[in-house]
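Each chain is listed here by its residues.
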Amino acid sequence: RATALLIGPGFGLEETTKDFLAKLLEAPNMPPLVADADGLKLLAQISDWHAKLPALSVLTPHPGEMSVLTGLSKEQIQSDRETVAAKFAKQWGHIVVLKGAFTVIAAPDGRIAVLPFASAALARAGTGDVLAGLIVGLRAQGVDAFEAAVAGAWIHARAGLTALSEGGSAASVLARSTCSIIPKSV
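Being a predicted model, the structure only gives us computed values, none of them experimental.

A. Region of interest: helix 9 (residues 175-185). Among the residues making up helix 9, those that are buried are Ala175, Thr178, Ile181, Ile182 and Ser185. Viewed along the axis of helix 9, the buried residues span an arc of 145°, placing them on a single side of the element. The exposed set on the far side of helix 9, more than 90 degrees from its buried face, consists of Arg176, Ser180, Pro183 and Lys184. Contacts from the buried residues of helix 9 go to helix 7 (127-140) and helix 8 (145-167).

What follows is the structure in structure tokens.
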């Protein structure tokens, strides 16, 4: 029996995967859900996707994925990140973690958190998967959605900065090094 579910990292964008995801969303008693990466792109192809997700799911798009979900350009999203995240969190009824420099976490009830971190160390392939894993791990332990998103994003950012300070260069920070350094960062 699952206590939380992460969809997206490593999924791919095949039609059969989209069909699987659409059927999964019809399952009764879905556990808390976190959607990232290809999962977000596939959700965007499912009619009325946001109404089919479990209440207060956590969506973790970077600006490109947010563009696919909203139809807005990346430039529109980046020009007013807080407003965009807040608008769609409210419209969709889910937590939006708009990744990037100064990650924005927005809840449907109007709560917003902006993390005071901007580091190229976290702009590496796979580091978003680490973030999604942190959030779903917290959700699996019973942490509320907004709090899990904020705490996961904070821990992730601190781990990225710690990995950067130990590695000396953003180019040397890999997802696995960020993941392995989490215990030292909290």
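B. Quick look at the packing of helix 7 against helix 8. Relative orientation of the contacting elements helix 7 and helix 8 amounts to 140°, with a least axis distance of 8 Å. In terms of orientation, helix 7 and helix 8 fall into the oblique class. In terms of crossing hand, the pair formed by helix 7 and helix 8 is right-handed. Contact with helix 7, carried on its side by Thr127, Val130, Leu131, Leu134, Ile135, Leu138 and Arg139, involves Ala145, Ala148, Ala149, Ala151, Gly152, Ala153, Ile155 and His156 of helix 8 and no other residues of that element. Of the residues contributing to the contact of helix 7 with helix 8, the split by class is 11 nonpolar, three polar and one charged.

C. Quick look at the nonpolar core. Core analysis: the biggest nonpolar cluster contains 25 residues, and Leu43, Trp49, Met66 and Trp92 have the highest contact counts within it. Of all the elements in the fold, those that place two or more residues in this core are strand 2 (33-35), helix 2 (37-43), helix 4 (63-70), helix 6 (81-92), strand 4 (95-98) and strand 5 (104-106). If one sorts the elements of this core by residue count, helix 6 sits on top with five residues. Listed in part, the 21 residues of the second largest apolar core include Ile105, Leu115, Leu131 and Ala145.

D. Representation of a nonpolar patch on the surface within the structure. Side chains of Phe102, Ile112 and Val114 sit close together on the surface and give an oily, nonpolar patch of about 240 Å² of accessible area. The topology assignment puts Val114 in strand 6 (residues 112-114). Classification of Val114 as partly exposed rests on a relative accessible area of 37%.

Rules used in this analysis
Residues numbered from 1 in each chain as written. Predicted model: local features only at pLDDT ≥ 70, side-chain atom pairs only at ≥ 80, totals over all residues. Heavy atoms only, no water. Buried < 20%, exposed > 50% of the residue type's maximum accessible area, 1.4 Å probe, protein only. Helix = DSSP H or I, 4+ residues; strand = E, 2+ residues; numbered from the N terminus. Arc of directions from axis to C-beta. Contact = heavy atoms within 4.5 Å. Axes fitted to C-alpha atoms, helices over the stretch in contact; angles between N-to-C directions. Parallel < 35°, antiparallel > 145°, perpendicular 65-115°, else oblique. Left-handed = near helix turned anticlockwise from the far one by under 90°. Nonpolar A, V, L, I, M, F, W, Y, C, P; charged D, E, K, R; others polar. Core = buried A, V, L, I, M, F, W, Y, C linked by side-chain atoms within 4.5 Å. Patch = residues over 30% accessible without salt bridge, like charges linked within 9 Å, V, L, I, M, F, W, Y side chains within 5 Å. Areas by Shrake-Rupley, 256 points an atom, 1.4 Å probe, with all protein chains shown as cover. Salt bridge = Lys/Arg side-chain N within 4 Å of Asp/Glu carboxyl O.

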